[in-house]
Number of protein chains: 2
Amino acid sequence: MSQPPGSTSSGFRVVDLIRKKRDGDELSRAEIEFLVAGYTREEIPDYQIAAWLMAAVLRGMTRAETAVLTDAMLRSGEVLDLSSLRAKKVDKHSTGGVGDKTSLVLAPVVAAAGLVVPMISGRGLGHTGGTLDKLEAIPGFNVNLSVERFRHVLETCGCAMIGQTAEIAPADRKLYALRDVTGTVESPYLICASIMSKKLAEGIDALVLDVKTGCGAFMKNEKDAAFLAELMVETGERMDKKVVALITDMDQPLGNMIGNSLEVVEVLEVLRGGGPEDLRQLCLELAGWMLYLGDVSDTVAAGKRKTEELISSGKALEKFRRMVEMQGGDARVLDNPKRLPQAAHTTDVLSAREGYLVSLQCEHIGTACVILGGGRERKEDAVDPAVGIVLHKKVGDRVAVGEALATIHYNSEARAARSKQLVQESCQIADSPLAEKRPLVHRVIGNSGEKN
Amino acid sequence: MSQPPGSTSSGFRVVDLIRKKRDGDELSRAEIEFLVAGYTREEIPDYQIAAWLMAAVLRGMTRAETAVLTDAMLRSGEVLDLSSLRAKKVDKHSTGGVGDKTSLVLAPVVAAAGLVVPMISGRGLGHTGGTLDKLEAIPGFNVNLSVERFRHVLETCGCAMIGQTAEIAPADRKLYALRDVTGTVESPYLICASIMSKKLAEGIDALVLDVKTGCGAFMKNEKDAAFLAELMVETGERMDKKVVALITDMDQPLGNMIGNSLEVVEVLEVLRGGGPEDLRQLCLELAGWMLYLGDVSDTVAAGKRKTEELISSGKALEKFRRMVEMQGGDARVLDNPKRLPQAAHTTDVLSAREGYLVSLQCEHIGTACVILGGGRERKEDAVDPAVGIVLHKKVGDRVAVGEALATIHYNSEARAARSKQLVQESCQIADSPLAEKRPLVHRVIGNSGEKN
């Protein structure tokens, strides 16, 4: 171990800043900027940042520290300048779940309403899916656009969907990789800074956050979800952005399809005015908020009505087609979803008894899809776009003996057997239905002045 | 950041162990051994251990974890096998202070009583002095003996004093260097494991701990000192060692001399039956306990009487002479302390008023010696053995206007000026003396069955 770097011209010693956070004191803006900039430039070693991160996890951070950390991470790289586009720039971010494919519906819908949606998304990890993996199920679809090409697609089409670039918030990429191996992921303050630094680097005016709660969400209980939501809303507002957070249900998968090709199929159903009711309703809610925050609609309700019009008129689907084409994807899948990768085999999960489905263990359903090859245990794993699970029953539905609860789409018998068993175990059937159904939207946090 | 190492044949993943400690759960023996062995072999990276250390600092450790960590660190290297020496092996360890030179008195006294003292010590850092620096003030004295030579000196002389070797507790050396730069030094559990792993690697039967409390100590208040003392005693007892801890005063410097050559002078005074009363009394207390735990005396009081005899008979001084000779030092300093390095200049710190000295800010006195060059700000700094401070007044003493409070021994005018001012400011003089004097020994912890 050499002497610690970090006693630079700023006059700070890294070890003093670690001790300060360890002792529960608040770091100043200059101190946090020193740590983030020093780490990004590789002047401060991993081991010192790891100690500081653990102190931040266990001692917590103030709202001011969280906002300053977000800002420092945001400014560690390029902030997209979309000022040449006259329309308001609006985005949505979800904390991740199972079967959550709303982004693929929202981007074209909101662009069809005249707003710009510069969406930078992530990949699936663990039991949760990722927007980039779903898009890549469309043959040829390229999520790795240069910033220039991204800007061009936005100018032409109004929406574009890409992965994180090297230029956007490099501090977050370094910090996230370190957090992943040092047990410092699970902190609302660090999660807030990670999400908000990337989203605000998109150069947006407004952001709708979809914070999931339930057994398939990162935040299992609503209290934790609401705390993270409040942190993110306050952080965004401190940076003069319009931000609202919806706490939404992830106690069972969203929609009926899980798996990358299958989820694109379901997205097309919604864009054609169909699709499962929960997915359709959540898309309307989120789009309604995006249109409201983007000043296209005077109320959220008006935004929802406008969304329904854009779907029924086919304008949203045409916007999706345009984006797929401009990002190199095979737009023929829109008219013939069979052109999406198809699994070689299917098998049904049958109900052993009659009654009511009272629980669909959401995390296990997500894991069952990972087992099939449709998700990732580790970042470097490849994903099979064709495999997945189609649910025929959702919580509250009546089930007969021998009726199909779900269909497994698979390419490997051995994987299918394990996955099938996990899906079977995830379905809890009882004699009577649950007295109360969980709402789709639990709460709305922030933007208290809205007209709903 | 690559994937974390550590998913080895043991089946543990380092990140899971970090999370476990982060969440306040107890690690098992196998888990702690995996971390220590993996880090020592450089299979686990610094950043993961840094995160775990910070979690341990903030979550604390159980007594079982502390003992297991100590044991794993101890067994990361060689444990001295001194079984060929028939006498009991006894050592003393101090948590560090200002003017604390008892080790140089105790090693020869206890050896003169027939016990073996295999003393492995450290260097000064910050305001506290170090035994190795004091010994090296004696021209030629070699603290870097091989293990074979160390054993030979012990066999011949009964005591030997060296620095930590590469073979002894390498995990501690790596961990301490990491703690130093990650703000994870200040944890009683980690301090206990660091101290006890090194001391028990000496292959000793019994250990007397001198845990300092007061403004010049690492533990400023007695409660913290007692907590650390209890941890160390329990850890030692779990390893079947006789251990006792004395909580002793470090609210003012011990003895009158601070600085390496000067402290050797004071050691020789004590070994000749003189020396300042506080230093002489503490040496008697500690030696009394060492002789009692080493089964040479039936009671601590008998051990103290025996110590006085060994001093007055000159046997302790002769043992010191033998050790100095065997470790290559110039033993003529014993008869002529002027042969020790002498500072070029002296200057007196005079009292500006009359009254009673009610406080001698101990940490500042230590720092004043560092400013002169007699100690280290950083590990790699060189030390000037000749410089230091001689106190003419201690807390409780009456002081006249213009009377010398202290004499500064220096080699640099600029340093002397700063040091002198700090000493001046450290002396608080009031109209009346303090009502109560702090005791030399505040408490004794452990070995409840002793006959005092």
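Everything quoted here is computed from the prediction, not taken from an experiment. (Residues numbered from 1 in each chain as written. Chains lettered and ligands numbered in written order. Predicted model: local features only at pLDDT ≥ 70, side-chain atom pairs only at ≥ 80, totals over all residues. Heavy atoms only, no water.)

K.L.:
Go over the interface of chain A and chain B, please, and point to the residues and values.
P.N.:
Contact with chain A, which involves 29 residues of that partner, is made by 29 residues of chain B. A combined buried area of about 2,300 Å² lies between chain A and chain B, and 69% of that area is made up of carbon and sulfur atoms. On inspection of chain A and its partner chain B, the count reaches 4 salt bridges. In this structure, the connection of chain A to chain B is made through 8 residue pairs in polar contact (both at pLDDT 80 or more). Only α1 (14–22), α3 (46–59) and α8 (170–181) of chain A provide two or more residues apiece to the side of chain A that touches chain B. In terms of residue count, the dominant contributor to the side of chain A that touches chain B is α3 of chain A (10 residues). Among the residues making up the side of chain A that touches chain B, the classes are represented as 15 nonpolar, 6 polar and 8 charged. (Contact = heavy atoms within 4.5 Å. Buried area = accessible area lost by both parts, 1.4 Å probe. Salt bridge = Lys/Arg side-chain N within 4 Å of Asp/Glu carboxyl O. Polar contact = N/O pair within 3.5 Å; in protein donor to acceptor, adjacent residues only side chain to side chain. Helix = DSSP H or I, 4+ residues; strand = E, 2+ residues; numbered from the N terminus. Nonpolar A, V, L, I, M, F, W, Y, C, P; charged D, E, K, R; others polar.)

K.L.:
Please provide a residue-by-residue account of the side chain of Lys 212 of chain A, values included.
P.N.:
Residues and elements named next belong to chain A. Here Lys 212 is to be found in strand β4 (residues 206–213). Take Lys 212: its relative accessible area is 0%, and that puts it in the buried class. Within the structure, the side chain of Lys 212 is placed 2.8 Å from the side chain of Asp 210, a separation counted as a polar contact. Setting aside its immediate chain neighbours within four residues, Lys 212 contacts Ser 94, Thr 95, Gly 96, Asp 100, Ala 217, Met 219, Ala 225, Thr 248, Met 250, Leu 254 and Leu 282. (Buried < 20%, exposed > 50% of the residue type's maximum accessible area, 1.4 Å probe, protein only.)

K.L.:
I'd like a rundown of the relation of the copies chain A and chain B, residues and numbers included.
P.N.:
Of the transformation superimposing chain A on chain B, the axial component is 0.1 Å and the angular component is 180°, with the fit at an RMSD of 0.1 Å. The transformation just described matches what one would write down for a two-fold rotation axis. In terms of C-alpha distance to the rotation axis, chain A has Tyr 47 of chain A as its closest residue, with the C-alpha 2.0 Å off the axis. Of the interface residues in chain A, 100% have counterparts in chain B that sit at the interface too, so the contact is made through matching surfaces. (Least-squares fit on C-alpha atoms with pLDDT ≥ 70 in both.)

K.L.:
How would you summarise helix α12 (residues 277–293) of chain B if you had to cite specific residues and measurements?
P.N.:
For α12 of chain B, with 17 residues, the first-to-last C-alpha span of 24 Å sits near the 24 Å given by 1.5 Å per residue. When you tally the buried positions in α12 of chain B, you get 14 out of 17 residues, the bulk of the element. (Expected span 1.5 Å × (residues − 1).)

K.L.:
Would you mind going over empty space enclosed by the protein in detail, with residue names and values included?
P.N.:
Residue and element names in this part refer to chain A. Considering all chains together, one arrives at 4 cavities of 30 Å³ or more under this definition. For the largest cavity, the calculated volume is near 130 Å³. Together, 21 residues line the largest cavity, and Thr 128, Gly 129, Cys 369, Gly 374 and Gly 375 are the ones closest to its centre. For the lining of the largest cavity, the elements supplying multiple residues, two or more each, are α11 (260–271) and α15 (362–372). Take the lining of the largest cavity: its biggest share by element is 3 residues, from α15. Counted by class, the lining of the largest cavity contains 6 nonpolar, 12 polar and 3 charged residues. Two domains each donate at least three residues to the lining of the largest cavity, and these are domain 2 (90–336) and domain 3 (341–430). (1 Å grid on protein atoms, 1.4 Å probe; cavity = no way out; pocket = protein on both sides within 12 Å on 5 of 7 lines; lining within 4 Å. Points joined across faces, edges and corners; volume = space filled by probe spheres on them. Domains from an automatic or database assignment.)

K.L.:
Outline the sheet that holds β4 of chain A, supporting the account with residue identities and numerical values.
P.N.:
Strands in a sheet are paired, the pairing made by backbone hydrogen bonds, and the direction either parallel or antiparallel. Residue and element names in this part refer to chain A. In space, the 4 strands of this open sheet follow the order β1-β4-β5-β13, with mixed pairing throughout. Each end of this open sheet is capped by a strand with a single partner; those strands are β1 (90–94) and β13 (441–445). Going from strand to strand, the sheet's axes swing by 15° on average, the running direction of each strand aside. Where strand β5 (residues 242–249) lies against β13, 4 bridges are found, and the strand directions are antiparallel. From the neighbouring strand, Ile 247 faces β13, where its bridge partner is Arg 443. Against the sheet, helix α9 (residues 188–200) engages β1, β4 and β5, with an angle of about 155° to β1. Against the sheet, helix α12 (residues 277–293) makes contact with β1, β4, β5 and β13, and its axis sits at roughly 155° relative to β4, the strand it touches most. (Pairing = 2+ DSSP bridges. Axes fitted to C-alpha atoms, helices over the stretch in contact; angles between N-to-C directions.)

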